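Residues per chain, in single letters:
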Amino acid sequence: MRGVGFHLAWWPLLIAPLLSQALLSPLQAQTKSQTEPPAVSQPTATSPAEAPATQNQELSEKEKTLLQKINALKAPRWRSFGACRYDWSGWKLLSSGVRTTAVNCGPDTNANPTTSEQVAVHCDTLKLSIQNGDQAWSSWRLPYAANESKERGGEDLMVASLCANAKPIPKTQPAAPPAVSPTGKPAATKPTSTPATKKTTTAPAQKPPTAKP
């Protein structure tokens, strides 16, 4: 019995350190988590190819011109205004400042145009003229609105869209005078025995002015 009592007396002494370690471990971990700052996650490096492009990038004049050409190629060729459809990519600028293109009016505006009808627009006066086939151009007039004509209504929207986005007509610069190189004194000419007779020239006949469309 003395041996059993001896073992029973030492049992609390052996288990006490284990119990204290088990109780102190959670407290130490909690204290450490409160005193130490959280770990900072390092950002992952991205290659230049993966980096997003900035939208507010400054474009050069050449880049802007190319973008305008790309947008023009994407735009549909025919644009409808009211009852008429206009060849929007076929506008031609004449030397007089008049712009002309093909037009197709009527109920079959979605079909390919079969008539050679042309429209001319003068943006300075906001007037237009129509030519049907080989006939003469009509008189200049203001474009019709939708409530003014069922056949030609929408011309006002067409003229407004064209002239608002038309590029200004480049002004022709006068030719520079030729460069004059300094020379010596002109050689003296001998007088002729008889005075030279002045030739009379007849003025050429003036051509009639070409009629604008």
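Model, not experiment: these values are computed from the prediction.

**Student:** What is the right way to read the packing of aromatic side chains from this model?
**Tutor:** Any aromatic ring pair is given by two values, namely how distant the centres are and how the planes are angled relative to each other. Overall, the coordinates contain three aromatic pairs when judged by the stated rule. Each ring, one from F81 and one from W88, has its centre 5.4 Å from the other, and the planes form 40°; the classification is tilted. For the pair F81 and W88, a shared accessibility class is recorded, and that class is buried. A centroid spacing of 5.6 Å and a plane angle of 90° characterise the contact between W88 and W91, whose relative ring orientation is edge-to-face. Owing to a relative accessible area of 18%, W88 belongs among the buried residues under this scheme. Residue classification places W91 among the buried residues on the basis of a relative accessible area of 18%. Of the aromatic side chains, those joined through ring pairs into one cluster are F81, Y86, W88 and W91. Across the ring face of W88, the terminal group of R79 is positioned such that the distance to the ring centre comes to 4.6 Å.

**Student:** Help me understand the pairing of strand β6 (residues 127-132) in this model?
**Tutor:** Walk down a regular strand and you will see the side chains alternate between the two sheet faces. Two strands pair when backbone bridges link them, and strand β5 (residues 117-122) and β6 are joined in this way by six bridges, in the antiparallel orientation. Paired with V119 across the bridge in β6 is I130. Remark: four residues form the turn of the hairpin made by β5 and β6, two consecutive strands paired antiparallel; L126 in that turn has positive phi of roughly 60°.

**Student:** Looking at this structure, I do not really get a nonpolar patch on the surface. What am I missing?
**Tutor:** Together, L59, L67 and I70 make up a nonpolar patch on the protein surface, roughly 230 Å² of accessible area in all. Position of I70 among the secondary structure elements: in helix α2 (residues 61-74). Its relative accessible area of 41% is what places I70 among the partly exposed residues.

**Student:** I would appreciate a short explanation of the pattern of salt bridges in the present structure.
**Tutor:** Side chains that differ in charge, positive against negative, can pair when their charged atoms come close. Counted according to the given criterion, the structure contains three salt bridges. In this structure, D87 engages R77 in a salt bridge whose closest nitrogen and oxygen atoms are separated by 3.0 Å. With D87 in strand β2 (residues 84-87) and R77 in the loop between α2 and β1 (78-81), this residue pair connects regions lying ten residues apart in the sequence. A relative accessible area of 7% places D87 in the buried class. Close ionic contact of E155 with R141 constitutes a salt bridge, the shortest N to O distance being 2.8 Å. Here the residue E155 occupies a position in helix α3 (residues 155-165), and R141 occupies one in the loop between β6 and α3, the gap between them amounting to 14 residues.

**Student:** How do you make sense of unusual backbone geometry when you look at a structure like this?
**Tutor:** With glycine set apart, most residues show a phi of negative sign, and most peptide bonds adopt trans. In the Ramachandran plot, L126 falls in the positive-phi region, its phi being about 60° despite a non-glycine side chain. Inspection of the secondary structure assignment puts L126 in the loop between β5 and β6. By relative accessible area, L126 is classed as partly exposed at 43%.

The rules we used
- Along every chain, residues carry numbers that run from 1 in the direction the sequence is written.
- Predicted model: local features are reported for residues with pLDDT of at least 70 only, side-chain atom pairs are reported and counted for 80 or more only, and whole-chain, interface and lining totals are derived from all residues.
- With hydrogens and water set aside, each side-chain value is computed from the structure's full complement of heavy atoms.
- When two rings of Phe, Tyr or Trp (its six-membered ring) have centres within 6.5 Å they constitute a pair, described as stacked for plane angles under 30 degrees, edge-to-face for angles over 60, and tilted for the intermediate range.
- Any residue under 20% of the maximum accessible area for its type is buried, any over 50% is exposed, and the rest in between are partly exposed; the area is computed with a 1.4 Å probe on protein chains only.
- As a reminder, the over-ring test applies to NZ of lysine and CZ of arginine, requiring each to be within 6 Å of the ring centre and within 35 degrees of the ring normal.
- Should DSSP find at least two bridges between two strands, the strands are taken to pair.
- Helix and strand labels come from DSSP, where a helix needs a run of H or I of at least four residues and a strand needs a run of E of at least two; each type is numbered from the N terminus.
- Like charges are joined within 9 Å and nonpolar side chains (Val, Leu, Ile, Met, Phe, Trp, Tyr) within 5 Å, but only among residues with over 30% relative accessible area and no salt bridge; these make up the patches.
- Throughout, the Shrake-Rupley method with a 1.4 Å probe supplies accessible areas, and for residues the shown protein chains are the sole cover considered.
- In the sections that follow, a salt bridge refers to a side-chain nitrogen of Lys or Arg positioned within 4 Å of a carboxyl oxygen of Asp or Glu.

Geometric descriptors of this kind do not, in isolation, establish any biological role.
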